[in-house]
Amino acid sequence: MTCDFLAQALPGVQKISPYVTGKPIEEVAREFGVALEDIVKLASNENPIGPSPKVAAAIQAQIADLARYPDGAGYDLKQKLCALHAINANQITLGNGSNDILDLIAKAWVEPGLNAVYSQHAFVAYPLAILAAGGECREVPAKHYAHDLTAMLQAMDANTRIVFVSNPNNPTGTAFSQAELEQFLAQVPSHVLVVMDEAYIEYCEQGAIANSMPLLGQYPNLIVSRTFSKAYGLAALRVGYAVSSPVVADVLNRVRQPFNVNSMALAAAAAAVEDQAHIDYIRSENRKGMQQLEAGFSQLGLSWIPSYGNFVAVDFKRDAAPINQALLEKGVIVRPVAGYDMPTFLRVSVGTAKENTRFLEVLTSVLQHA
Ligand SMILES: *Cc1c(COP(=O)(O)O)cnc(C)c1O
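This report concerns the structure included in the present document. (Residues numbered from 1 in each chain as written. Predicted model: local features only at pLDDT ≥ 70, side-chain atom pairs only at ≥ 80, totals over all residues. Heavy atoms only, no water.)

This part covers the overall build of the chain. When helices and strands are tallied, the chain shows 14 helices and 13 strands. Over its C-alpha atoms the chain spans a radius of gyration of 21 Å, differing by no more than 12% from the 21 Å that the globule rule assigns to 370 residues. Along the first, second and third principal axes, the C-alpha atoms of the chain reach 60 × 60 × 50 Å. Taking all 370 residues of the chain together, 51% fall into the buried category. Taking the contacts inside the chain whose residues are at least 6 apart along the sequence as the reference set, 73% of them involve residues at least 24 apart. As presented, the chain carries roughly 16,800 Å² of accessible surface, and 54% of it is formed by carbon and sulfur atoms. The positive charge centre, built from 27 side chains, and the negative charge centre, built from 35, are 1 Å apart in the chain. (Helix = DSSP H or I, 4+ residues; strand = E, 2+ residues; numbered from the N terminus. Rg over C-alpha atoms; globule rule 2.2 N^0.38 Å. Buried < 20%, exposed > 50% of the residue type's maximum accessible area, 1.4 Å probe, protein only. Contact = heavy atoms within 4.5 Å. Areas by Shrake-Rupley, 256 points an atom, 1.4 Å probe, with all protein chains shown as cover. Lys, Arg positive; Asp, Glu negative; His and termini not counted. Charge placed at Lys NZ, Arg CZ, Asp CG, Glu CD.)

Glancing now at the packing of aromatic side chains. To describe a pair of aromatic rings, one takes the distance between the centres and the angle between the planes. Inspection of the entire model under this criterion finds 9 aromatic pairs. Between Phe-228 and Tyr-241, the ring centres sit 5.7 Å apart and the planes meet at 45 degrees, which makes this aromatic pair tilted. Taken together, the residues span a long stretch of sequence, with Phe-228 in the loop between strand S7 (222-227) and strand S8 (240-243) and Tyr-241 in strand S8 at a distance of 13 residues. As far as the burial class goes, Phe-228 and Tyr-241 line up, both buried. Seen in terms of ring centroids, Phe-297 and Phe-359 are 6.2 Å apart; in terms of plane orientation they differ by 85 degrees. Their pairing is edge-to-face. Here Phe-359 lies in helix H14 (residues 353-369) and Phe-297 lies in helix H12 (residues 276-299), a separation of 62 residues in the sequence. Accessibility expressed as a relative area gives 2% for Phe-359, which makes it buried. An aromatic cluster is defined as three or more aromatic residues linked by ring pairs; in this entry it consists of Phe-123, Tyr-126 and Phe-164. Sitting above the plane of the Phe-311 ring, Arg-347 keeps its charged end 5.9 Å from the centroid. (Phe/Tyr/Trp six-rings, centres within 6.5 Å; stacked < 30°, edge-to-face > 60°. Lys NZ or Arg CZ within 6 Å of the ring centre and 35° of its normal.)

Each regular strand displays side chains that alternate between the two surfaces of the sheet. Across 5 bridges, the pairing between strand S3 (residues 115-119) and strand S4 (residues 136-140) is parallel. Following the sheet pairing, Val-117 is matched in S4 by Arg-138. A crossover connection joins S3 to the parallel S4 through helix H7 (residues 125-132); in handedness this β-α-β unit is right-handed. (Pairing = 2+ DSSP bridges. Right-handed = clockwise from strand over helix to strand, strands pointing away.)

Right, let's get into the site of the ligand. In the neighbourhood of the ligand, 13 residues make up the surrounding shell, with Asp-197, Tyr-200, Thr-227, Ser-229 and Lys-230 lying closest. One nitrogen or oxygen atom from the main chain of Asn-99 is found 3.0 Å from an oxygen atom belonging to the ligand. Out of a free accessible area of 390 Å², the ligand has 93% covered by protein chains. Of the residues in the shell around the ligand, the class split is 3 nonpolar, 7 polar and 3 charged. (Near = heavy atom within 4 Å. Polar contact = N/O pair within 3.5 Å; in protein donor to acceptor, adjacent residues only side chain to side chain. Nonpolar A, V, L, I, M, F, W, Y, C, P; charged D, E, K, R; others polar.)

Let us look at helix H6 (residues 98-109). If you check H6, its first and last C-alpha atoms are 17 Å apart, about what 12 residues at 1.5 Å a residue would give, namely 16 Å. Along H6, the residues that are buried comprise Ser-98, Asp-100, Ile-101, Leu-102, Leu-104, Ile-105 and Ala-106. (Expected span 1.5 Å × (residues − 1).)

Now for the packing of helix H5 (residues 75-85) against helix H11 (residues 263-274). For any two helices packed against each other, the geometry is given by the interaxial angle and the distance between the axes. Packing of H5 against H11 leaves a shortest axis separation of 9 Å and a crossing angle of 20 degrees. Overall, the two elements H5 and H11 adopt an arrangement that is roughly parallel. You can see that H5 and H11 cross each other, and the crossing is left-handed. On H11, the residues that touch Asp-76, Leu-77, Lys-80, Leu-81 and Leu-84 of H5 are Leu-266, Ala-269, Ala-270, Val-273 and Glu-274. Looking at side-chain class alone, the contact of H5 with H11 contains 7 nonpolar, no polar and 3 charged residues. (Axes fitted to C-alpha atoms, helices over the stretch in contact; angles between N-to-C directions. Parallel < 35°, antiparallel > 145°, perpendicular 65-115°, else oblique. Left-handed = near helix turned anticlockwise from the far one by under 90°.)

Before going further, it helps to examine the packing of H12 against H14. Two elements in contact, H12 and H14, have axes whose closest approach is 10 Å; the angle formed by their N-to-C orientations is 15 degrees. Classified by the interaxial angle, the pair formed by H12 and H14 is roughly parallel. H12 and H14 meet at a crossing whose hand is right-handed. Contacts between H12 and H14 involve Gly-289, Gln-292, Leu-293, Gly-296 and Phe-297 from the former and Ala-353, Asn-356, Thr-357, Phe-359, Leu-360 and Leu-363 from the latter. Here the residues of the contact of H12 with H14 sort into 6 nonpolar, 5 polar and no charged.

Structure, rendered in structure tokens:
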């Protein structure tokens, strides 16, 4: 008799359906016989331009020391983040990507009998983290694809430990204002941690959407989550960070692995933080790319959800799966979002002008033949 190890897995773990990543370029080349150089991948909200040019030298400098463990405290990167955000090092928790941070939060504060709240159409990493910790997922219906903050408040009870808020949200691109955030925070019960996932905030003009960082002093239950995977262009290296009260950071630092961020990632992120001019450039290029995609969608008579990120959810008003399949066959990789209750949409990341043009050309031909 072999043991059924699935049945023996913890109940929350059994409920998890594995995360589906964007299809790798090599896989599409193999499956559909498209030449590698003809493939356009706009599926994982990656930065098409890449990181600051200063990053390569910072990584190179680490190669001599690969036999050594990294600085588990991340001193240098934390110093740079302190200067950037006007915060103290004891407020920072570094993560192996911000996904690590989300997992650490659930691991530290959720167990069976406790729950965490998040919105419909919100980033799938939240339910994954909650289920893995054995907690109850409270998914709150969205309002016009955006977070319904009032309904999210109503979903909280004495057993709620966390509310995950994505601003801007992936995959919808929706966001709310500073006034809306402040009104929300003022009403969240003090025993509930508010995780503001701001993975795309570097793409937003200052003041365009809520920025929770300045509110940390006022709300000891606030955790701001940021990442180097998007505008900073370091998705491959896996670095993210949380900023919180020192007490919350102390808890998170207890549950993380001692060396959860590797030395090349630490050095690269530190170099990237120093080059804010590059982030300004990435933001302005993204805006142009977004305008290009929107103009293309307009011309095709398609509607989309206006987005504050580096991606946009476009609505075909019918099952988008066959359209996705036809795009794949021509070497264009975008992201189906049926798993997010959005079966008529595809999420498209903003690429370079050339990639956007190719995507729009292929989409036009696919729609003509559909
Ligand atoms: C991409 C993304 C992240 C970042 O994930 P990393 O683990 O830092 O690469 C976090 N939150 C949202 C909403 C995202 O879309």
